[in-house]
Amino acid sequence: MIPNLSPVDALVEAKAVKAFALSDRVWEMPEVNFEEARSSAAHAELLRAEGFAVETGVAGMPTALIAEAGRGGPVIAIMGEYDALPGLSQVAGIAEQKPLAEGGHGHGCGHNMLGAGSLLAAIAVKDYLAQRGVAARVRYYGCPAEEGGSAKGFMVRAGLFDDVDAALCWHPAAFTGVNRPFSLACAELQFSFSGRASHASSAPHLGRSALDAVELMHVGINYLREHMPSTARVHYAITDAGGSAPNVVQAFAQSRVLVRAHSLSEMWDLVSRVGNIAEGAGLMTGTTVERKQISGDANLVASPGLEGALHAVLERLGGPDFDATDDAYAAAIQKTFSTADIAASYGRFGLRPIKGEALSRIIYPLGAGSDHAVGSTDVGSVSWVVPTVQCRVACYAIGTPGHSWQLVAQGQAPAAHKGLQLAAKAMANLVVELIEDPALLARAKADHAAFRAENPFENPLGPDVVPALP
Ligand SMILES: [Zn+2]
């Protein structure tokens, strides 16, 4: 058992069952980017029942919400997510790949746990403030479309974090701890090429192939790779190949390109080079190209004071209290991984693999593995405007790949609930510490202000970019 070290732990435990039910319910109705109507409503319903003032449809996104409790004092944000991934439908609690609904969605990034764990922390803080009569406000941010929708960036752009003093978040993982933030700034762009259709055999000279242009653009991008910073990334997907008939010259074709780089300025430089490549592909093929930005996230900004404080809270709480039944299921899941998968999972945090360990119960050293390149997150944009801190909490088997059927399968397991509860305790404890120790919060804000004074921020979502609503 995790020992109860602070009064807020008991408040988390008292409401934990409600959060487990919410997590499981959201798992049951996986909804993707900006389609999270029912998941968002389930969050709003529980928040209202708990006495929060809830505002839905914020920042022009129907599935985004903000819920507040408390009065006066500092404002602490706890961010949650609830979006799923397409094509990852999977039966829960088994150790073989078996879709629940053919072609259906699934919670392959554990955002069902993420949303419910953050919400549980917000409820516990609300109860703490009410019990103690402390002047402070806790605000739950229901953030949709983390998987490529940049919802938090749109919330930042709408000024919804302007009066926030600190922001917290967590993510389900195989290990528990706090990283020194490292994520890549990113932007997703859609390139639409228009040419001219014609009979591919009898009149090929009259056609101008948009598909050729897409192919040439991708070839150009692949030549770009050698001449870009080694931490940068460019990925693409053909979202419209212009039809299935090879005997028609494709008049229209579309590709989405995701550019990632260490900093926003490096990213915009690459975006402009990719744009030139697209123009070149258009010139070569006699087609025209239109470009539209879909999303954009800033890289994460560190908040060393908050990171140290959250790490200390986790050390005090200890790792999740997994039991032998949890281990047995995680071990069965691990049988579907290669030894390389498992070694890579340890390696990411600079940890030595332990033979026979299926679930991690440790807190990894502060900042372990932070130099490893990871993906991007829309928490990045929040971290530029508010001191922001996140932790990872073990919820599933060591070696579980992100965005995999194995992760979906483990999303309702008791281990997931235990991780979710530990995450809620960690965040709730830190919020209480920030409220009770104004100096800690003041230092975090001063450090952040000093960083910002040296590093101006421009939201990668310019005024013309709109949320990619369905
Ligand atoms: Zn995620």
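Rules of the game
- Residues numbered from 1 in each chain as written.
- Predicted model: local features only at pLDDT ≥ 70, side-chain atom pairs only at ≥ 80, totals over all residues.
- Heavy atoms only, no water.
- Pairing = 2+ DSSP bridges.
- Helix = DSSP H or I, 4+ residues; strand = E, 2+ residues; numbered from the N terminus.
- Axes fitted to C-alpha atoms, helices over the stretch in contact; angles between N-to-C directions.
- Contact = heavy atoms within 4.5 Å.
- Core = buried A, V, L, I, M, F, W, Y, C linked by side-chain atoms within 4.5 Å.
- Buried < 20%, exposed > 50% of the residue type's maximum accessible area, 1.4 Å probe, protein only.

Per an unreviewed UniProt entry, the protein goes by Amidohydrolase and derives from Devosia riboflavina.

Caption draft 1: Molecular detail of the sheet that holds strand β1 (residues 53-56). The six strands are arranged β1-β2-β4-β3-β5-β10 in an open sheet whose pairing can be described as mixed. Looking at the sheet topology across the chains shown, the edges are occupied by β1 and β10 (388-394). For this sheet, the mean inter-axis angle between neighbouring strands, taken without regard to orientation, is 20 degrees. Pairing between strand β3 (residues 75-81) and strand β4 (residues 136-143): seven bridges, direction parallel. By the bridge assignment, isoleucine 76 is partnered in β4 with valine 138. With respect to the sheet, helix α3 (residues 111-132) is in contact with β2 (65-71), β3, β4 and β5 (166-173), its orientation differing from that of β3 by roughly 155 degrees.

Caption draft 2: Region of the structure containing the nonpolar core. Phe52, Met79, Tyr141, Met155, Phe161, Trp170 and Leu434 are the most contacted members of the largest nonpolar core, which totals 117 residues. Ranked by residue count, the leading element in this core is helix α12 (residues 414-436), at 14 residues. Setting aside anything within four residues of it in sequence, one finds phenylalanine 52 in contact with Leu47, Ala67, Glu68, Ala69, Ala122, Ile123, Lys126 and Val138. Ala187, Phe193, Ile221 and Val301 belong to the second-largest nonpolar core, a separate cluster that totals 31 residues.

Caption draft 3: Quick look at the sheet that holds strand β7 (residues 233-240). With antiparallel pairing, the four strands of this open sheet are ordered in space as β7-β8-β6-β9. Both outer strands of the open sheet, β7 and β9 (288-297), are each paired with one neighbouring strand and no more. Averaged over neighbouring strand pairs, the angle between their axes works out to 20 degrees when direction is ignored. Note: strand β6 (residues 185-194) against β9, nine bridges, orientation antiparallel. Looking across to β9, one finds that phenylalanine 193 is bridged to valine 289. Each of β6, β7 and β8 (252-261) touches helix α5 (residues 210-224); the most contacted strand, β8, lies at about 20 degrees to it. Relative to the sheet, helix α6 (residues 264-285) contacts β6, β8 and β9, its axis offset from that of β6 by approximately 10 degrees.

Caption draft 4: Structural view of the environment of valine 12. Along the polypeptide, valine 12 turns up in helix α1 (residues 7-28). Separated by 416 residues in the primary sequence, valine 12 and alanine 428 have C-alpha atoms spaced 7.9 Å apart. Those residues in contact with valine 12 that lie beyond four places of it in its chain are Leu120, Ala124, Gln421, Ala424, Lys425 and Ala428.

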